[in-house]
There are 2 protein chains.
Amino acid sequence: MAGTEDNTRERLLDQAERLFSEKGFAAVSVREITNASQCNLAAVNYHFGGKQKLYLAVFKERWAKRAQKLQKSFIQALAGKQQPDLEEVISAMARAFLEGPLTDSERRNHIQLMQRELSNPGQAMGMIVQQVMRPFIQNLVSMIRPCLSREVEDERLRIYVLSMLGVVLYFFLARPAVSGILNQEYDQRFKSELVSHITAFCLNGMQALNQER
Amino acid sequence: MAGTEDNTRERLLDQAERLFSEKGFAAVSVREITNASQCNLAAVNYHFGGKQKLYLAVFKERWAKRAQKLQKSFIQALAGKQQPDLEEVISAMARAFLEGPLTDSERRNHIQLMQRELSNPGQAMGMIVQQVMRPFIQNLVSMIRPCLSREVEDERLRIYVLSMLGVVLYFFLARPAVSGILNQEYDQRFKSELVSHITAFCLNGMQALNQER
DNA sequence: GTCTATAGCAGGATAGAC
DNA sequence: GTCTATCCTGCTATAGAC
């Protein structure tokens with residue numbers, strides 16, 4: 001009685017995550033989710049208590065775990081270094097988002113889902129900011145601080161870290177537009193070119209912190 | 001017969017733009033739009049031929065015009081200079097998006113609507129990319145090229161311009177998240193601090209183009 | 001735990017009076 | 001050009017058999 005263990009529930013979470021990230025909460029119907037999960041319409045209510053609660057469960061049981069995985073892979077990439085330099089930190093961050101431990105579709109789902117919630121705050125946004133983004137940013141801040149040649153307040157440093165995240169995430173979110181503008185598919189070659197570019201751009205951008213202002 | 005001239009149609013476009021940008025296409029009902037516009041349910045069908053076509057009309061008749069206004073204000077800001085330097089170009093760009101000629105709510109509607117379409121391409125995306133973004137980016141490219149100390153191919157320069165746009169737009173789109181992370185309202189003081197920050201960050205970031213690679 | 005069946009309601013669209 | 005009334009589809013949620 002512990003072998004099968006709620007396979008339906010898992011399939012529902014999988015498909016719900018995929019569909020919500022592709023189309024957004026309102027554009028997805030429970031029928032679409034249960035059909036894709038090859039289970040019955042009533043299953044959503046039985047397992048989660050409604051569409052809205054399923055949405056929340058996707059964040060709590062799937063999204064948050066992936067976010068941890070992503071951050072662990074970022075930390076792992078820097079684990080060898082005693083004191084990584086700025087370039088290493090930035091490149092590891094860009095790589096975590098663009099080439100990290102997730103599959104392509106996982107990555108897309110993960111980031112699109114986050115963006116939907118961040119620009120259209122619902123009940124999951126508090127959790128995302130408090131439990132995932134704040135710690136991650138604080139983590140970056142404390143890795144970057146020793147690389148700088150001047151004392152910089154936390155608050156100012158956080159804005160810089162947000163700017164770097166902005167660059168990375170934007171190449172993701174506006175992916176269809178970027179493809180259209182550059183006439184460029186997001187293949188493996190282009191993605192690693194992007195990592196180089198982002199690293200160079202942000203590395204130079206961060207130098208503003210080392211200047212008088 | 002040319003004085004009143006379809007006031008209802010205009011109100012519908014106004015309210016549709018606001019609601020679509022706040023909640024997204026699927027989450028808004030025709031009833032919600034017509035109530036907000038203080039007109040009848042059937043008006044959407046009469047004037048536009050359906051909800052989907054109203055959505056498209058919002059982009060064609062409202063969004064595109066605002067985009068032009070925004071770009072004109074950007075060009076205007078640089079009109080005095082014979083050859084603006086890089087800092088002036090970047091600061092004018094950031095200002096156009098963050099403090100430009102639109103009211104706060106116009107700006108929010110405009111950018112959120114764009115982002116919804118860019119990350120979730122529908123029928124309006126082609127128009128946005130071809131008629132608005134491509135020309136704007138090409139414009140930026142040709143203003144920036146003379147500021148550089150090296151020859152740079154168009155393609156490479158476009159990626160840099162996209163990165164700058166990424167920074168600017170991200171501070172907009174993730175506004176609720178940024179507020180939560182920094183514990184900071186988007187008041188006038190903070191917005192002009194953002195413009196300074198973005199200018200400094202991007203100005204330095206662009207220096208990567210002047211380096212060997 | 002999974003299914004069928006259905007209640008109950010909100011959605012987009014349209015016909016036709018004015 | 002605007003309104004009312006209504007059609008019909010599709011939605012979420014639930015009751016109850018198995």
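As a reminder, the structure under discussion sits directly above these lines.
Now for a quick tour of the structure. As the structure is a prediction and not an experimental result, all values here were calculated from the model.

## Some points on the interface of chain A and chain B
Phase 1 of the analysis: The partner chain B presents 51 residues to the 51 residues of chain A that form the contact.
Phase 2 of the analysis: For the pair chain A and chain B, the summed buried area comes to about 4,200 Å², and 65% of that belongs to carbon and sulfur atoms.
Phase 3 of the analysis: On the surface where chain A and chain B come into contact, there are 0 salt bridges.
Phase 4 of the analysis: Remark: the boundary between chain A and chain B carries 8 residue pairs in polar contact (both at pLDDT 80 or more).
Phase 5 of the analysis: Of all elements in the fold, only α1 (7-23), α6 (104-119), α7 (125-144), α8 (154-173), α9 (175-182) and α10 (188-206) of chain A reach the threshold of two or more residues within the side of chain A that touches chain B.
Phase 6 of the analysis: Looking at the side of chain A that touches chain B, the element that brings in the most residues is α8 of chain A, giving 13 residues.

## Points about the protein's contact with DNA strand C
Phase 1 of the analysis: Every one of the 15 residues lining DNA strand C counts as a neighbour, but Thr8, Asn40 and His47 of chain A together with Val30 and Arg31 of chain B are closest to it.
Phase 2 of the analysis: Of everything in DNA strand C that lies within 4 Å of the protein, sugar and phosphate atoms constitute 51%.
Phase 3 of the analysis: The contact in question runs from a phosphate oxygen of DNA strand C to an N or O atom on the side chain of Asn40 of chain A, over 2.9 Å.
Phase 4 of the analysis: Looking at the surface near DNA strand C, the elements that each hand over two or more residues are α3 (43-48) of chain A together with α2 (30-36) of chain B.
Phase 5 of the analysis: Across the surface near DNA strand C, the residue classes break down as 7 nonpolar, 6 polar and 2 charged.

## What about the relation of the copies chain A and chain B?
Phase 1 of the analysis: By a simple turn and slide, chain A fits onto chain B: the slide is 0.0 Å along the axis, the RMSD is 0.1 Å, and the turn is 180°. Here the two chains are linked by the operation of a two-fold rotation axis. Minimal C-alpha distance to the rotation axis in chain A is attained by Gly205 of chain A, lying at 2.0 Å.

The rules behind the values
- Residues numbered from 1 in each chain as written.
- Chains lettered and ligands numbered in written order.
- Predicted model: local features only at pLDDT ≥ 70, side-chain atom pairs only at ≥ 80, totals over all residues.
- Heavy atoms only, no water.
- Contact = heavy atoms within 4.5 Å.
- Buried area = accessible area lost by both parts, 1.4 Å probe.
- Salt bridge = Lys/Arg side-chain N within 4 Å of Asp/Glu carboxyl O.
- Polar contact = N/O pair within 3.5 Å; in protein donor to acceptor, adjacent residues only side chain to side chain.
- Helix = DSSP H or I, 4+ residues; strand = E, 2+ residues; numbered from the N terminus.
- Near = heavy atom within 4 Å.
- Nonpolar A, V, L, I, M, F, W, Y, C, P; charged D, E, K, R; others polar.
- Least-squares fit on C-alpha atoms with pLDDT ≥ 70 in both.

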